[in-house]
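A closer look at the structure
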Amino acid sequence: TVTMMLLYDSSDSSSTVRFIFLFFFFQAEDGIRDAQESRGLGDVYKRQVEGPLHAGGRVTQIQLRASNSWQIDMLEVEAAIQSDTGYLVLNEPYNPAGTLMPIQKQAELVSLCSRHNITIMCDEVYRLLEHDPADRLPAMADLYRRGISCVTMSKPWGACGVTIGWLAFQDLSLRQRLVDTQYFGTACPSRASELQAMMVLKTSSCILNKNLAIIRRNKKLLQDFITTWSDLFHWTKPVAGAVAFVKFLGPLSSEQLGAELAEAGISIKPAYCFSEHVTPETADYFRVGFGEDKMPAALAELSKFVERHSARWRGTASKL
């Protein structure tokens, strides 16, 4: 994971830089978020937000919402920009919902940042896993002279253990600053990982085609499940990646549902797994992954569980 501290030049103690983050949940494993230091928004690691704070920068966060189909509100972005805004960070394709912004909105975002000389770092770890290749957005590094694309081998190629990723950008003045900041963390990367990464990339098309076939099959099964139980589950249909954010419309919160499912040996990721501060809007959402070959068996067990409990859950007011 790349932190925004990499991009902050703190040599001039008299200067401060403002960062804007567009996301939804913090990952739970990154610790407890201090609500006094940040304002609400999305799926980036906590250290990405805290890095600029420790380096003397300031952070503004903009919440993505289910009511807007997890899309960026350009009016909110424009209102958040101030004279000292230097960087904007976003995640596209969007985790946890698997959504994508329209290409026109991406162009609008780039135009807005260009007018204000703002660097954009886009977390593109699910890029290349668009369910329809026609939906694929240009990489931020290709689209924008001040754009940075953050990529890892763990998602499109399923090579989590390789632990290799990279940043792509046109502004080569950033390169030495990145090298200087990360020197002690990446001076001696694993040679085995480098060799494995080269092996994976040499067979990239084969691996991507295999993974996309699994994702498309599993997405259809998940859609059939939600259609069958449409009075109990709702989603914004994902268009990229292998995750979806599903809302439970029954009488339980996602935490309560997760506890009952856990007793039956079924795992989901309730809202509390992503944020210490679960709001009424988010309490009923949970993330599911559908990128593995064994997913249909897990979904079959979930369907049996819902069948056993649907009568008890029904009769309560829908939360849709």
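As the structure is a prediction and not an experimental result, all values here were calculated from the model. (Residues numbered from 1 in each chain as written. Predicted model: local features only at pLDDT ≥ 70, side-chain atom pairs only at ≥ 80, totals over all residues. Heavy atoms only, no water.)

Another point: the overall build of the chain. Secondary structure assignment for the chain yields 9 helices and 10 strands. Relative to its full complement of 320 residues, the chain shows a buried share of 50%. Pairs at least 24 apart in sequence give 69% of the contacts found in the chain among residues at least 6 apart. Split by element, the accessible area of the chain, about 15500 Å² in all, is 53% carbon and sulfur. (Helix = DSSP H or I, 4+ residues; strand = E, 2+ residues; numbered from the N terminus. Buried < 20%, exposed > 50% of the residue type's maximum accessible area, 1.4 Å probe, protein only. Contact = heavy atoms within 4.5 Å. Areas by Shrake-Rupley, 256 points an atom, 1.4 Å probe, with all protein chains shown as cover.)

With respect to topology, 4 strands assemble into an open sheet ordered β7-β8-β10-β9, the strand pairing being antiparallel. The open sheet terminates on both sides in strands that have one partner only, identified here as β7 (233-235) and β9 (269-270). Pairing of strand β8 (residues 243-248) with strand β10 (residues 285-289) involves 5 bridges; the strand directions are antiparallel. Each residue of the ladder has a partner; that of Val246, found in β10, is Phe286. (Pairing = 2+ DSSP bridges.)

Two numbers describe how helix α7 (residues 204-228) lies on helix α9 (residues 295-313): the axes approach to 10 Å, and their chain directions differ by 5 degrees. The angle between the axes of α7 and α9 places the two elements in the roughly parallel class. Of the residues in α9, those touching α7 at Arg217, Asn218, Leu221, Leu222 and Phe225 are Met295, Pro296, Leu299, Leu302, Ser303 and Val306. For the contact of α7 with α9, a count of residues per class yields 8 nonpolar, 2 polar and 1 charged. (Axes fitted to C-alpha atoms, helices over the stretch in contact; angles between N-to-C directions. Parallel < 35°, antiparallel > 145°, perpendicular 65-115°, else oblique. Nonpolar A, V, L, I, M, F, W, Y, C, P; charged D, E, K, R; others polar.)

What follows concerns the packing of helix α8 (residues 254-263) against α9. Between α8 and α9, the shortest axis-to-axis distance is 11 Å and the interhelical angle comes to 125 degrees. Comparing their axes, α9 and α8 come out oblique. Handedness of the α8/α9 crossing: right-handed. Contacts between α8 and α9 pair Leu257, Glu260 and Leu261 from the former with Leu302, Phe305, His309, Arg312 and Trp313 from the latter. (Left-handed = near helix turned anticlockwise from the far one by under 90°.)

Moving on, we come to helix α6 (residues 191-202). Residues spaced three or four apart along an α-helix point in a common direction, a consequence of the helix completing one turn every 3.6 residues. Over its 12 residues, α6 extends 17 Å from the first C-alpha to the last, a length consistent with the 16 Å expected when each residue adds 1.5 Å. Considered for burial, the residues of α6 that qualify are Ser193, Ala197 and Val200. Around the axis of α6, the buried residues are gathered within 65 degrees of arc, so they sit on the same side. Projecting away from the buried face of α6 at angles above 90 degrees are the exposed residues Met199 and Lys202. On its buried face, α6 sits against α7. Structurally, the start of α6 carries an N-cap: the backbone nitrogen of Ala192 is 3.3 Å from a side-chain oxygen of Ser190. (Expected span 1.5 Å × (residues − 1). Arc of directions from axis to C-beta. Polar contact = N/O pair within 3.5 Å; in protein donor to acceptor, adjacent residues only side chain to side chain.)

Now for the pattern of salt bridges. This structure, assessed with the given rule, holds 10 salt bridges. Taking the shortest distance from any N to any O, the salt bridge between Glu130 and Arg136 comes out at 2.7 Å. Residue Glu130 is classed as buried on the basis of its relative accessible area of 1%. By relative accessible area, which is 30% here, Arg136 ends up partly exposed. Put simply, Glu260 and Arg312 hold a salt bridge, and the shortest N to O gap is 3.0 Å. With a gap of 52 residues between them, Glu260 in helix α8 and Arg312 in helix α9 connect regions that are remote in the sequence. (Salt bridge = Lys/Arg side-chain N within 4 Å of Asp/Glu carboxyl O.)

So, on to the packing of aromatic side chains. The geometry of an aromatic ring pair comes down to the distance between the two centres and the angle between the two planes. A complete count under the given rule lists 10 aromatic pairs for this structure. For the pair Phe248 and Trp313, a centre-to-centre distance of 4.9 Å together with 75 degrees between the ring planes defines the contact as edge-to-face. Separated by 65 residues along the polypeptide, Phe248 in strand β8 and Trp313 in helix α9 bring together distant segments of the chain. Side by side, Phe248 and Trp313 carry an identical accessibility label, which is buried. Aromatic side chains Phe305 and Trp313 sit 6.0 Å apart centroid to centroid with 45 degrees between the ring planes, which places their arrangement in the tilted category. An aromatic cluster is present here, built from Phe225, Phe233, Phe248, Phe286, Phe305 and Trp313 joined pairwise through their rings. (Phe/Tyr/Trp six-rings, centres within 6.5 Å; stacked < 30°, edge-to-face > 60°.)

The biggest cluster of nonpolar side chains holds 40 residues, and the ones touching the most others in it are Phe233 and Leu257. If we skip the residues at most four places from it in the chain, Leu257 touches Phe233, Phe248, Leu252, Ile268, Phe286 and Trp313. (Core = buried A, V, L, I, M, F, W, Y, C linked by side-chain atoms within 4.5 Å.)

A few words now on the confidence of the model for the chain. Here the chain shows a mean pLDDT of 83. Residues at 70 or above account for 81%. At the level of individual helices and strands, the chain shows its lowest average pLDDT in strand β1 (residues 18-23), which scores 63, and its highest in α7, which scores 97. Note on residues 1-15: pLDDT is under 50 here. Beyond four places in sequence and across chains, it has 41 contacts. This stretch, residues 24-44, has a pLDDT under 50; its non-local contacts, to residues over four places away or in other chains, come to 76 contacts. (pLDDT = per-residue confidence, 0-100.)

The omega torsion across Glu92 and Pro93 is 0 degrees, close enough to zero to call that bond cis. For Pro93, the position within the fold is in the loop between β3 (85-91) and α3 (103-115). The residue after Asn95, namely Pro96, is reached through a cis peptide bond having omega 25 degrees. Tracing the backbone through its elements, the reader meets Pro96 in the loop between β3 and α3. Even without a glycine there, the phi angle at Ser69 is positive, about 55 degrees. Classification of Ser69 as partly exposed rests on a relative accessible area of 33%. One non-glycine residue, Trp70, lies in the positive phi region at around 60 degrees.

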